[in-house]
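# Remarks on the overall topology
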Amino acid sequence: MAGFTDIIGHEQIIEHLTNAVSMGKVSHAYIFNGPDKSGKRMLAEAFAMTLQCEKGGSSPCGECHSCKQAVNHNQPDIIYVQHEKPNTLSVDDIREQVNHDIGVKPYSSPYKVYIIDEAEKMNVQAQNALLKTIEEPPAYAVVLLLTTNADLFLPTIRSRCVALNLKAVSDTVIRKYLMEQRGVPDYQADVCVAFAQGNVGKGIALASSENFNELKTSAVQLMKRIREIELYELAEAVKQIGEFKLQINDYFDIMMIWFRDILVYKATMDVNNLIFKDEVYDIKKQASKSSYYGIEKILKALEKAKQRLNANVNFDLVMELLLLTIKEN
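Model, not experiment: these values are computed from the prediction.

Check the secondary structure of the protein and you find 15 helices and 5 strands. In terms of principal-axis extent, the alpha carbons of the protein reach across some 70 × 40 × 30 Å. For the protein, buried positions account for 48% of its 329 residues. In the protein, the proportion of contacts linking residues at least 24 apart, taken out of those at least 6 apart, comes to 71%. Carbon and sulfur atoms make up 49% of the accessible area of the protein, which totals about 16700 Å². Considering the protein, the positive charge centre built from 37 side chains and the negative charge centre built from 42 side chains are found 3 Å apart.

See below:
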């Protein structure tokens, strides 16, 4: 658990939360809405830690007994609502962990804070049970709903919560953080940032993932030699891609970035705008042999391949068609 100063980006949300604390206008229910790994949990935990801090400031001191307990996830008045089943938050989960508990006054703090992660997994019955609680909560209760999709909540839930939508963090901020705080080299940081699409957690996860580096190397090596390989070698190339079947969308994204770089270089002749700066020799070579029409056709084929796999078309067949299109263009 970390304080607000450890969070990268999301300045407006942090300002909203710290103002609410300092002005004594804390709401009884909040929705933190944003993609997976975007920072929802860090924000919710920093807010909970602030509310319970013994110094009573607008951000946690990190030194008092409550803050130290919060860091170790054993602050008795910060309650993490658990799922009994992995894909559902049931009415029983909400009743037992929230409704039946909320009437008991805080053990040692000014508030009782309930953090409900993956709150989009609440079924309708669970949402209705929660609604009864957030309609007439005790003065000390604060419920934090963390979700990847607030649209799945009942309108009555949404209308009773303060909605905080996490926006994408700028590429410059993520790149700076990865290089300065995580020691990631610039060429690797560029790829991670391109992938992260404003999601700090995803950028960090990719930068520290050995598997991602293997996947990237595999995809780039294949793209570098795809036009030279013979037709009979395509089956071997498909088999190579098959090793990353579970992360095929990441594999597609690497291919997409590769051809986007070829397109950018062809249009601008400027290497500074490339993501794969360390592959500039091959990008220049492929750009000189590619037409705008051909690159566009490849990018469309990549999108089509994604759609086909989502529709459960045979993996090997989809990949073979895609590699043929790339080879011919």
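On we go.
In this section: the pattern of salt bridges. All chains considered together, the criterion is met by 15 salt bridges. Between Arg260 and Asp261 there is a salt bridge; the shortest N-O distance is 2.7 Å. Overlapping salt bridges bring together Arg41, Glu45 and Asp117 as one network.

Scanning the model with the defined rule gives 4 aromatic pairs in all. Here the aromatic rings of Phe244 and Tyr251 are separated by 5.8 Å at their centres, their planes lie at 35°, and the arrangement is tilted. One exposure class covers both Phe244 and Tyr251, and it is buried. For the ring pair Trp258 and Phe276, a centre distance of 5.8 Å and an interplane angle of 55° mean the geometry is tilted. Here the residue Trp258 occupies a position in helix α12 (residues 248-268), and Phe276 occupies one in the loop between α12 and α13 (280-289), the gap between them amounting to 18 residues. Judged on exposure class, the residue Trp258 and its partner Phe276 are both buried. Residue placement shows Lys266 over the ring face of Tyr292; its charged tip is 5.5 Å from the ring centre.

Formed by 57 residues in total, the largest nonpolar core has its most connected members in Leu178 and Leu323. Among the elements that line this core, the one with the most residues is α12, at 12 residues. When sequence neighbours within four positions are dropped, the list of residues in contact with Leu323 reads Leu222, Ile226, Leu234, Ala237, Val238, Ile241 and Met255. Core analysis: the next-biggest nonpolar cluster, separate from the first, contains 30 residues, Ile13, Ile14, Val113 and Leu144 among them.

One turn of the α-helix equals 3.6 residues, which is why residues spaced by three or four share an orientation. Residues of helix α11 (residues 234-242) that are buried include every one of Leu234, Ala237, Val238, Gln240 and Ile241, and no others. Seen along its axis, α11 keeps its buried residues to an arc of 155°; they face one direction. Across from the buried face of α11, at angles greater than 90 degrees, the exposed residues are Ala235, Glu236 and Lys239. Packed against the buried residues of α11 are α10 (210-225), α12 and α15 (315-328).

With that out of the way, let us pick up the packing of helix α4 (residues 91-99) against helix α5 (residues 124-135). The contact between α4 and α5 brings their axes to 7 Å, and the two run at 20°. Classed by the angle they form, the pair α4 and α5 counts as roughly parallel. The interaxial crossing formed by α4 with α5 has right-handed handedness. The segment α4 lies against α5, with Val91, Ile94, Arg95, Val98 and Asn99 engaging Gln125, Ala126, Ala129, Leu130 and Thr133.

So, on to the sheet that holds strand β2 (residues 78-80). Taken in spatial order, the 5 strands of this open sheet run β2-β3-β4-β1-β5, and their pairing is parallel. With one partner strand each, in any of the chains shown, β2 and β5 (162-165) form the two edges of the open sheet. Taking each pair of neighbouring strands and ignoring which way they run, the sheet shows an average axis angle of 20°. Of the pairings in the sheet, the one linking strand β3 (residues 112-116) to strand β4 (residues 141-147) comprises 5 bridges and is parallel in character. Bridge pairing in β4 links Val113 to Val142. Contacts from helix α2 (residues 40-52) reach β1 (29-33), β2, β3 and β4 within the one sheet, and its direction differs from that of β4 by about 170°.

What counts, and where the lines are drawn
- Residues numbered from 1 in each chain as written.
- Predicted model: local features only at pLDDT ≥ 70, side-chain atom pairs only at ≥ 80, totals over all residues.
- Heavy atoms only, no water.
- Helix = DSSP H or I, 4+ residues; strand = E, 2+ residues; numbered from the N terminus.
- Buried < 20%, exposed > 50% of the residue type's maximum accessible area, 1.4 Å probe, protein only.
- Contact = heavy atoms within 4.5 Å.
- Areas by Shrake-Rupley, 256 points an atom, 1.4 Å probe, with all protein chains shown as cover.
- Lys, Arg positive; Asp, Glu negative; His and termini not counted.
- Charge placed at Lys NZ, Arg CZ, Asp CG, Glu CD.
- Salt bridge = Lys/Arg side-chain N within 4 Å of Asp/Glu carboxyl O.
- Phe/Tyr/Trp six-rings, centres within 6.5 Å; stacked < 30°, edge-to-face > 60°.
- Lys NZ or Arg CZ within 6 Å of the ring centre and 35° of its normal.
- Core = buried A, V, L, I, M, F, W, Y, C linked by side-chain atoms within 4.5 Å.
- Arc of directions from axis to C-beta.
- Axes fitted to C-alpha atoms, helices over the stretch in contact; angles between N-to-C directions.
- Parallel < 35°, antiparallel > 145°, perpendicular 65-115°, else oblique.
- Left-handed = near helix turned anticlockwise from the far one by under 90°.
- Pairing = 2+ DSSP bridges.

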